[in-house]
Amino acid sequence: MTQRNARLAALMQEADFSHKSLARAVVTAAALTGEDITCDHTYVTRWLKGSIPRGNMPQFIADAIGRKLGRRLTIDDIGMGDAAVSAVQSDLGLDFGDRPEAAAKTVADLWRADLAEAESLVRAQLDSAAWNTAALRWLVAPPDEVLTRAGDRAIGAVDVEMVRSTADAFSMLDGKFGGGHARRALIQYLHTDVRPMLDGKYSDAVGKHLYSAVAEALLLAGWMSYDSCLHGIAQRYFIQALRMTQAAGDRRLGGSILSAMSHQATFTGRYQDAVTLARAAYTNPAASLGPTMAAQFRAMEARALARLGDERGCDLALAEAERRLSLRTADSDPPYISYFDEVELAAEIGHCFRDLGRSA
């Protein structure tokens, strides 16, 4: 039997909402996001008794009450957070959403479920079809509409820089102590601090920078989850990071995320998927790729081809990787790919030769 939702009841009393007036406010909150829903006083009665509505309804309830109170509320604040986790669908995060807002909601749900250790997601298995669908949609999808938002909290360039700087700090911890050390702390930061930014008020230019910064943080979350052998949720973070690069118009970062997917696919034995993902990484943003990025993407292709036993294809990919890396300069690539140098490429070549039986 469900328990009465005391948090929701207290907030309704604080906001002076009746059952009918809350229902009307929830309909209005949904309409502001472009959704047309049905809601009346009987719905509110069920929520107060402990029923958890499906879909976006919990967030609409939080938005409606928060607007009346003049502060932002989460679904945890209205007593629906834990129950929402238990109702999470096992395919959450595998879809490359049609709209940026859908990606923002999906990552918020992923962060919440991850922190609650929802077994269906944290221990989920990989889905090869989800990789391929996401890569195809990223390759062919038209640019998104403007990312201007009209939320309650103003977000500017300084906020975006805070996200990047914090992610950089977590990246240093990851490099020094491994992905398992601070993975949960990163997810907590994203859930607590970054989600309100995505719901804030910002221009299209700031929105694109924000989505790009969040995509980098999600890429790191994916790597840290991968390093912790949580491959199912790592895959979901990679896919949502890729979707956010689409919204941000950041094709180079999208290529890096596809390369990370290729690395994961090779590690987990999905070699043909790994080849496809690596080729997608350098195909679409090819004109804007710096030499280091191009070299890293070709090295990922070579790793997968070596595991498939394609000796000629592997040698061609490695030769191209060497050629492209020889063209790098101090400022030819974005900072996040700076780790890939001659030593890293040599290590990738060693892996390939080992897998081809050419260790000597």
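Here is a short report on the structure shown in this document. (Residues numbered from 1 in each chain as written. Predicted model: local features only at pLDDT ≥ 70, side-chain atom pairs only at ≥ 80, totals over all residues. Heavy atoms only, no water.)

**Thoughts on unusual backbone geometry**
Most peptide bonds take the trans configuration, and most residues that are not glycine carry a negative phi.
1) Next: With phi around 60°, Asp16 is a residue other than glycine that occupies positive phi space.
2) Next: By the secondary structure assignment, Asp16 is in the loop between α1 (6–15) and α2 (19–32).
3) Next: With a relative accessible area of 64%, Asp16 lands in the exposed category.
4) Next: Its identity as a non-glycine residue notwithstanding, Cys229 has a phi of 65°, on the positive side.
5) Next: Among the structural elements, Cys229 can be located in the loop between α11 (204–227) and α12 (231–248). (Helix = DSSP H or I, 4+ residues; strand = E, 2+ residues; numbered from the N terminus. Buried < 20%, exposed > 50% of the residue type's maximum accessible area, 1.4 Å probe, protein only.)

**Considering the pattern of salt bridges**
1) Next: Under the criterion given, the structure shown has 22 salt bridges.
2) Next: In this structure, Glu101 engages Arg99 in a salt bridge whose closest nitrogen and oxygen atoms are separated by 2.5 Å.
3) Next: Glu101 sits in the partly exposed class, given a relative accessible area of 30%.
4) Next: Using a relative accessible area of 45% as the deciding quantity, one classes Arg99 as partly exposed.
5) Next: Here Asp114 makes a salt bridge to Arg183, at a shortest N to O gap of 2.8 Å. Of this pair, Asp114 sits in helix α6 (residues 100–115) while Arg183 sits in helix α10 (residues 179–198), and the two are 69 residues apart along the sequence. (Salt bridge = Lys/Arg side-chain N within 4 Å of Asp/Glu carboxyl O.)

**With respect to the environment of Phe96**
1) Next: Tracing the backbone shows Phe96 in the loop between α5 (81–86) and α6.
2) Next: On the basis of relative accessibility, which here comes to 3%, the residue Phe96 falls in the buried class.
3) Next: Remark: the alpha-carbon pair of Phe96 and Tyr43, spanning 53 residues in sequence, is separated by 31 Å.
4) Next: Ignoring any residue separated from it by four or fewer positions in sequence, one finds Phe96 in contact with Ala134, Arg137, Trp138, Ile239, Leu242, Arg243 and Gln246. (Contact = heavy atoms within 4.5 Å.)

**With respect to the packing of helix α9 (residues 157–177) against α10**
1) Next: Between α9 and α10, whose axes approach to 9 Å, the crossing angle comes to 170°. If you check the angle between α9 and α10, you find them roughly antiparallel. Residues Asp159, Met162, Val163, Thr166, Phe170, Leu173, Asp174 and Phe177 of α9 lie in contact with α10, whose contacting residues are Gly179, His181, Ala182, Ala185, Leu186, Tyr189, Val194 and Met197.
2) Next: Class assignment for the residues of the contact of α9 with α10 results in 11 nonpolar, 3 polar and 2 charged. (Axes fitted to C-alpha atoms, helices over the stretch in contact; angles between N-to-C directions. Parallel < 35°, antiparallel > 145°, perpendicular 65-115°, else oblique. Nonpolar A, V, L, I, M, F, W, Y, C, P; charged D, E, K, R; others polar.)

**Examining the packing of helix α8 (residues 128–140) against helix α14 (residues 271–283)**
1) Next: Where α8 contacts α14, the axes come no closer than 10 Å and their chain directions differ by 20°. In terms of orientation, α8 and α14 fall into the roughly parallel class. Considering how the two elements wind past one another, α8 and α14 form a crossing that is left-handed. In this structure, α8 contributes Ser128, Trp131, Asn132, Ala135, Trp138 and Leu139 to the contact, and α14 contributes Asp273, Thr276, Leu277 and Ala280. (Left-handed = near helix turned anticlockwise from the far one by under 90°.)

Treat this as a map of the structure, not an account of what it does.
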